[in-house]
Amino acid sequence: MILETADIKSVLTSSNTTQKMYINGEWVLSESNQTSNIVNPANGELIGTVTVGTEEDAKKAIEAARKAFYENGWMNSRARDRSELLLQISNKLEERKEEFAYLETLNNGKTLRESLGDVEDAVNQLRYYAGLATKPHGQTFDVPDDIQAMVVREPIGVVGIIVPWNYPLVMANQKIAAAIAAGCSIVVKPAEITPLSLIRLFEIIDEIGFPPGVVNLVLGSGRKVGAELVSNPNVDKISFTGGTDTGIKLMKSAADTVKKISLELGGKSPNIVFADADFDTAVDYALYAIFANQGQVCSAGSRLLLEESLYEKFVPELVRRAKMIKIGPGWNDGIEMGPLVSEAHMNTVLNYIEIGKNEGATLLCGGNRMIEGDFGKGYFVEPTIFGDTTPDMRIVQEEIFGPVLAIQTFKTEKEAIELANGTAFGLAGAVFSQDGAKAQRVIRQLRAGITWINTYHPTFNEAPWGGYKQSGIGRDLGTYGFEEYLETKQININLKVEPSGFFEGQ
Ligand code: TXE
């Protein structure tokens, strides 16, 4: 699937047009009158211009969402109607899936095959939640006295959705789909550098025609626009995906209004390979675990925990295969790894590589920015693997969020588990072994929310996504992700309507 340059341009909105926010059912420029340039990380070219929102813009969007929910009836909207709206979005998105995939690749840098997978996931998420909206929820209880006791689930209200740049479409989409299915009104804020696919999703939303104010899109910085969503008392819940440091700030700010909050944060996930693993499968997945999406994946297998007796055989093969990865602009045929998302992020990753060297880890391959020829125009970093690490090293403890793998070794099952759980994070983890009982024993000891046996990365919209420990609070996706947008109300109905007699005096 290759697009010629002319076709690539046709996917883009002209950078002479300032792309707008969507507030109260209308496309609006920010009152700031500022614009921001959006850049293709594979070649540094300008691929769009967007308006830069302010706190005032965020307040307008929140007000519109609040009015739609509390005054204009969205709070009592019908599940079937919401389901129908989500299905309409999914169908239109599916019709345009290649266009969306190209746009995602141009803005984020990921390969086209990964972008296509993201768009397909997004379509499926909309359909999943369209279905879930109308499924039974709530409970009834058999209680003493003449009371019919029941629980109903109600939408939580106005939801602020804040998402990062590594999965710009799919992460926003999964939260939008679940929140709309639940009956909430929403204000969505993409990451500053990757807004293009989400703006286009809102074009579909606009075409379909939601009641004004139900779905809003604000653009701008996290520090201003994002922070306003979190601190504003008229927002009932925040659903956030992003870095742990930002998550900590959000949680502190949300505490002032006792705002409901769910956080999907970073990780430093262990990929444990025992000597009895299927060798080729384990090597293959060790690469996929860390180098998919250039390592910019919260659940990336960024620590390879290798049984010591396997080291001499495994590592040379891993390094050989890492050096064969085809790197280039994500829209070119056969490309397996694209650029990092931005120059700033590339510098963060390169800095971590320096830290690793200075800490005394052995650089087994990679370690450099790629600058030859056209590579120099983009933000490409070689697949990088460090050996001889110790558990206290920063490259072992901190999320690098790039194509950098740290190898740790272990001798016993117990040691593997201790090392695996030995960071502040608890997002994901995997075990490779042909001993089924051992693999399950170890998985059950991992303090992590997303786990695999003899595979890495496949997850499904039906299953909950989120972490233990400092990897977050709450879950996206599946029925658990739906629950995040629902309040729980008990209703007790007196079936014998007469005075209680609690006080004797009449
Ligand atoms: O993320 P931020 P950044 C990790 C990864 C990466 C690091 C920093 O390690 O290197 O975080 O990335 C908005 N109030 N992950 O700085 O800051 C921001 O505008 C409200 C892991 O890009 O977390 C964006 O929309 N919002 C992660 C979103 O938060 C604020 C994915 C995410 O940005 C805000 C991305 C504030 N004070 C990075 N400050 C994952 N879990 O997958 C920023 N934002």
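Residues numbered from 1 in each chain as written. Predicted model: local features only at pLDDT ≥ 70, side-chain atom pairs only at ≥ 80, totals over all residues. Heavy atoms only, no water.

(A) Structural detail: the overall build of the chain. What the chain contains, in helices and strands, is 16 helices and 23 strands. Computed over C-alpha atoms, the radius of gyration of the chain comes to 24 Å, within 12% of the 23 Å expected from 2.2 N^0.38 for 506 residues, which places it in the range of a compact globule. Along the three orthogonal principal directions, the C-alpha set of the chain runs to about 90 × 60 × 40 Å. Each of the 506 residues in the chain was classed as buried or not, and the buried ones make up 55%. Taken as two groups, the 48 positive and 65 negative side-chain charges of the chain have centres that lie 2 Å from each other. (Helix = DSSP H or I, 4+ residues; strand = E, 2+ residues; numbered from the N terminus. Rg over C-alpha atoms; globule rule 2.2 N^0.38 Å. Buried < 20%, exposed > 50% of the residue type's maximum accessible area, 1.4 Å probe, protein only. Lys, Arg positive; Asp, Glu negative; His and termini not counted. Charge placed at Lys NZ, Arg CZ, Asp CG, Glu CD.)

(B) Spatial organisation of the sheet that holds strand β19 (residues 428-432). Reading across the sheet, the seven strands line up as β15-β16-β17-β14-β13-β19-β20 and stay open at both edges, with mixed pairing between neighbours. The open sheet terminates on both sides in strands that have one partner only, identified here as β15 (362-365) and β20 (450-453). Within the sheet, the average angular offset between the axes of one strand and its neighbour, ignoring direction, is 20°. Each of β13 (270-273), β14 (303-307) and β17 (404-410) is contacted by helix α14 (residues 413-420), which is oriented at about 145° to β17, the strand it contacts most. (Pairing = 2+ DSSP bridges. Axes fitted to C-alpha atoms, helices over the stretch in contact; angles between N-to-C directions. Contact = heavy atoms within 4.5 Å.)

(C) Geometry of the site of the ligand. Among the 24 residues in the neighbourhood of the ligand, the closest are listed as Val-163, Trp-165, Gly-243, Thr-246 and Glu-399. Between Asn-166 and the ligand, the recorded distance is 3.3 Å, taken from a side-chain N or O atom to an oxygen atom. At a separation of 2.8 Å, an oxygen atom of the ligand approaches a polar side-chain atom of Thr-246. Contact with the protein chains hides 83% of the accessible area of the ligand, taken as 810 Å² for the molecule alone. When residues of the shell around the ligand are traced back to their parent elements, those giving at least two are α8 (222-231), β11 (237-241) and α9 (244-255). Looking at which element gives the most residues to the shell around the ligand, the answer is α8, with three residues. (Near = heavy atom within 4 Å. Polar contact = N/O pair within 3.5 Å; in protein donor to acceptor, adjacent residues only side chain to side chain. Areas by Shrake-Rupley, 256 points an atom, 1.4 Å probe, with all protein chains shown as cover.)

(D) View of helix α2 (residues 55-71). The end-to-end C-alpha separation of α2 is 23 Å, in line with the 24 Å expected for 17 residues at 1.5 Å each. Where α2 is buried, its residues meet β2 (21-23), β7 (147-155), β8 (158-162), β9 (185-189), β10 (215-217) and α8. Looking at the residues trailing α2, positive phi occurs at Gly-73, about 95°. (Expected span 1.5 Å × (residues − 1).)

(E) Examining a nonpolar patch on the surface more closely. A surface patch of nonpolar side chains, amounting to about 250 Å² of accessible area, comprises Ile-491, Ile-493 and Leu-495. Assessed through its relative accessible area of 33%, Ile-493 is described here as partly exposed. (Patch = residues over 30% accessible without salt bridge, like charges linked within 9 Å, V, L, I, M, F, W, Y side chains within 5 Å. Salt bridge = Lys/Arg side-chain N within 4 Å of Asp/Glu carboxyl O.)

(F) Expanded view of the packing of helix α3 (residues 79-95) against helix α5 (residues 112-133). One way to put it is that α3 packs onto α5 with a least axis distance of 8 Å and a crossing angle of 165°. On the basis of the axis angle, α3 is roughly antiparallel to α5. For the crossing formed where α3 meets α5, the hand is left-handed. Contact with α3, carried on its side by Ala-79, Ser-83, Leu-86, Leu-87, Ile-89, Ser-90, Asn-91, Leu-93 and Glu-94, involves Val-119, Ala-122, Val-123, Leu-126, Arg-127, Tyr-129, Ala-130 and Ala-133 of α5 and no other residues of that element. Each residue belonging to the contact of α3 with α5 can be placed in one class, and the counts come to twelve nonpolar, three polar and two charged. (Parallel < 35°, antiparallel > 145°, perpendicular 65-115°, else oblique. Left-handed = near helix turned anticlockwise from the far one by under 90°. Nonpolar A, V, L, I, M, F, W, Y, C, P; charged D, E, K, R; others polar.)

(G) Representation of unusual backbone geometry within the structure. Located in the positive-phi region is Asn-33, a residue other than glycine, with phi close to 60°. As for its placement among the helices and strands, Asn-33 is situated in the loop between β3 (26-28) and β4 (35-39). Under the relative-accessibility criterion, Asn-33 is labelled exposed at 71%. Even without being glycine, Asn-293 reaches a positive phi, approximately 50°. Among the secondary structure elements, Asn-293 is positioned in the loop between α10 (279-291) and β14. Residue classification places Asn-293 among the buried positions, given a relative accessible area of 0%.

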